Amino acid sequence: MSSMNIPQSSLPRIVIIGGGFGGIALAKKLSKKEVQVVLLDKHNYHTFQPLLYQVSTGGLEPDSIAYPIRKVLQGYPHFYFRLAEVFQVITDNRKVETNIGSIAYDYLVVATGSKTNFFGNKNIEENGMAMKTVPQSLNLRSLILENFEQALLTDDLHERDALMNFVIVGGGPTGVELAGALAEIKKGILPKDYPDLDTRRAQINLVQGGDRILPAMSEIASSKAERFLEKLGVNVWKNVRVTDYDGKHVATDQDLVFESATLVWAAGVQAAGIKGLDAKELLCRGNRLKVNRYNQVEGFEEIFAIGDIAHMETEAFPNGHPMMAQPAIQQGEKLGENLIRLIENKPLKAFVYRDKGNMATVGRNKAVCDLPRFKFQGVFAWFVWMFVHLYFLIGFRNRVVVFINWVYNYIRFDREARLIIRPFKKQDKVSKEAETVT
Ligand SMILES: Cc1cc2nc3c(=O)[nH]c(=O)nc-3n(C[C@H](O)[C@H](O)[C@H](O)COP(=O)(O)OP(=O)(O)OC[C@H]3O[C@@H](n4cnc5c(N)ncnc54)[C@H](O)[C@@H]3O)c2cc1C
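Here the focus is the environment of Asp370. With respect to the helices and strands, the residue Asp370 is situated in strand β23 (residues 366–370). Linking Asp370 and Asn338, residues 32 residues apart in sequence, is a C-alpha distance of 31 Å. In this view, Asp370 contacts Met217, Ser218, Ala221, Gly357, Asn358 and Lys375; residues no more than four positions away in its chain are not counted. Of the polar contacts made by the side chain of Asp370, one reaches the backbone nitrogen of Ser218; its length is 2.5 Å.

Below you can see the structure in the form of structure tokens.
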């Protein structure tokens, strides 16, 4: 037995760090193979990140976008899950060190995803909100609601406006979707919930450093999304970079300062790297691990990286694949095949990404879709967006719950999960940083 209570076996041991999109796809691929698989994750659940913004805005309960990793692995022979945070990989000894002990590997797969990148701006990191995990989304949900409760109490108009002034930094899908959802809350819910507060004064600002929102999508998708947002009353600021935030004032590189009690930082991610695999020569842009076409980390026969953490240069993707669910899933599946081929001494097959398209929703009946053959926007795009998200959610129960919630919200113009279950106090940094504790 190892220190994690995992039996020694004659089967080759594959240790996977991370039960996200990539790690789970890989585990499924290996489910019936003659290998011992140890999956380590610091959460005991898989997070469906594309719907985090709906948790932050009370549209969905957090439980419906998370799924127990142990349930995914149920019935898989030779599989072991351990709730563990990995601190370090000791490549010379082929060992992984975690908060619950260490474990040796024959093959190691790093699938740790990414984390928010504040580009070294400590003030923004300390005072702003990130939305990368379920606990962070719950913090944001609480903060938004607490701001309105507080706005109701203050006589100071300045303070009241700042409490109802939201600044979302980053015009990618996360920023756009969050801005749209907040605008809908302002329109449909706030006037009824707070009849004694002038919620018309609430402002939703989406600040984008570049000259268009959704820069990874087509021009038409960007301009339509911008029009949708403006229709919803969102202030879209382009070519503006947020430079500082002290918890009250949002400074920018333009002649523009926002007074706001809530800044959401959705302007960048970087790979969630691990000590021991962080030598400069292993890393690329965004601290991603340089891998070859088989997802092998350069210089190591037995170490692989998939998903957001992996930087694979191909002709079609000279800067690596987009940090999205599909590349992670597809790399996980391909690596599952390749690991077996490697163990059986067969030649490996190069990974080729099948781009299935890109989409973002802006709000009720409003979405933009760039599929490989078609680009469309509006109601149909919105239905496609919903279908695709339901399809990729893990777990039948989650699909049913999300579907029912969406139908209910659509018919009732409502978002009933607007609950302050776990109060968030800005000054209480502990609750914000202890993101592994829900
Ligand atoms: C708000 C938001 C919205 C998004 N929307 C979309 C979208 O609409 N479409 C899309 O395609 N993509 C979207 N993405 C991106 C997508 O979620 C990621 O690209 C995808 O999750 C990457 O998969 P992964 O397997 O590489 O990592 P992840 O799915 O992030 O999984 C990483 C796992 O590793 C675990 N982990 C990390 N470090 C450690 C450690 N040291 N020890 C133990 N465990 C660890 C984490 O707990 C996590 O479970 C969105 C992301 C966010 C944050």
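Before going further, it helps to spend a moment on the side chain of Gln36. Tracing the backbone through its elements, the reader meets Gln36 in strand β2 (residues 36–41). For Gln36, a relative accessible area of 3% puts it in the buried group. At a separation of 2.7 Å, a polar atom in the side chain of Gln36 contacts the side chain of Arg13.

Quick look at the confidence of the model for the chain now. Parts of the model with low pLDDT should not have their predicted coordinates read in detail. Here the chain shows a mean pLDDT of 95. Residues at 70 or above account for 97%. Every residue in residues 434–438 scores below 50 in pLDDT, and together they form 11 contacts with partners more than four places removed in sequence or on other chains.

This part takes up the packing of aromatic side chains. Under the counting rule described, the total for this entry stands at 13 aromatic pairs. Look at Phe376 and Phe380: their rings are 5.2 Å apart centre to centre, the planes differ by 40 degrees, and that puts the pair in the tilted class. In this structure Phe380 comes out as exposed when scored by relative accessible area, which is 57%. Residues Trp385 and Trp406 carry aromatic rings whose centres are separated by 5.6 Å and whose planes lie at 35 degrees to one another, so their mutual orientation is tilted. Placement of Trp385 in helix α11 (residues 379–392) and of Trp406 in helix α12 (residues 396–412) is noted, with a sequence separation of 21 residues between them. Pair check on accessibility: Trp385 and Trp406 agree, each one buried.

Spatially, three strands are ordered β6-β7-β8 in an open sheet, and the strand pairing comes out antiparallel. In the strand order of this sheet, the two ends are held by β6 (86–90) and β8 (101–104), each with one partner. Sheet twist, expressed as the average angle between the axes of neighbouring strands with direction ignored, equals 20 degrees. Here four bridges tie strand β7 (residues 95–98) to β8, and the two strands are oriented antiparallel to one another. Of the residues in β8, the one forming a bridge with Lys95 is Ala104.

Attention now moves to the domain arrangement of the chain. Split by domain assignment, the chain resolves into domain 1 (13–116 + 270–343) and domain 2 (118–267). A separation of 32 Å is found between the C-alpha centroids of domain 1 and domain 2. Taken residue by residue, the interface counts 15 residues in domain 1 and 18 residues in domain 2. When the buried surface of domain 1 facing domain 2 is broken down by residue, Tyr53, Ser56 and Thr116 rank first, second and third, together holding 41% of it. At the junction of domain 1 with domain 2, the criterion picks out zero salt bridges. Counting across the domain 1 and domain 2 interface gives two residue pairs in polar contact (both at pLDDT 80 or more).

So, on to the packing of α11 against α12. Two elements in contact, α11 and α12, have axes separated by 9 Å at closest approach and are oriented at 155 degrees. As summarised for this structure, α11 and α12 are arranged roughly antiparallel, according to the angle between their axes. With respect to the hand of their crossing, α11 and α12 are arranged in right-handed fashion. Mapping the contact onto sequence places Trp382, Trp385, Met386, His389, Leu390 and Tyr391 in α11 and Arg399, Val402, Phe403, Trp406 and Tyr410 in α12. Partitioning the contact of α11 with α12 into residue classes produces nine nonpolar, one polar and one charged.

In this section: the sheet that holds strand β5 (residues 79–83). Taking strand neighbours across the sheet as the criterion, the five strands line up as β5-β2-β1-β9-β20 in an open arrangement whose pairing is parallel. Both outer strands of the open sheet, β5 and β20 (303–305), are each paired with one neighbouring strand and no more. When the angles between neighbouring strand axes are averaged without regard to direction, this sheet yields 20 degrees. For strand β1 (residues 13–17) and strand β9 (residues 107–110), the ladder comprises four bridges, and the chain directions are parallel. Bridging from a neighbouring strand, Val15 pairs with Leu108 of β9. On the sheet, helix α1 (residues 21–30) packs against β1, β2, β5 and β9 and is oriented at approximately 155 degrees with respect to β1. Contacting β1, β9 and β20, helix α10 (residues 325–343) crosses the sheet at an angle of about 165 degrees to β9.

Cut-offs used in this document
Residues numbered from 1 in each chain as written. Predicted model: local features only at pLDDT ≥ 70, side-chain atom pairs only at ≥ 80, totals over all residues. Heavy atoms only, no water. Helix = DSSP H or I, 4+ residues; strand = E, 2+ residues; numbered from the N terminus. Contact = heavy atoms within 4.5 Å. Polar contact = N/O pair within 3.5 Å; in protein donor to acceptor, adjacent residues only side chain to side chain. Buried < 20%, exposed > 50% of the residue type's maximum accessible area, 1.4 Å probe, protein only. pLDDT = per-residue confidence, 0-100. Phe/Tyr/Trp six-rings, centres within 6.5 Å; stacked < 30°, edge-to-face > 60°. Pairing = 2+ DSSP bridges. Axes fitted to C-alpha atoms, helices over the stretch in contact; angles between N-to-C directions. Domains from an automatic or database assignment. Buried area = accessible area lost by both parts, 1.4 Å probe. Salt bridge = Lys/Arg side-chain N within 4 Å of Asp/Glu carboxyl O. Parallel < 35°, antiparallel > 145°, perpendicular 65-115°, else oblique. Left-handed = near helix turned anticlockwise from the far one by under 90°. Nonpolar A, V, L, I, M, F, W, Y, C, P; charged D, E, K, R; others polar.

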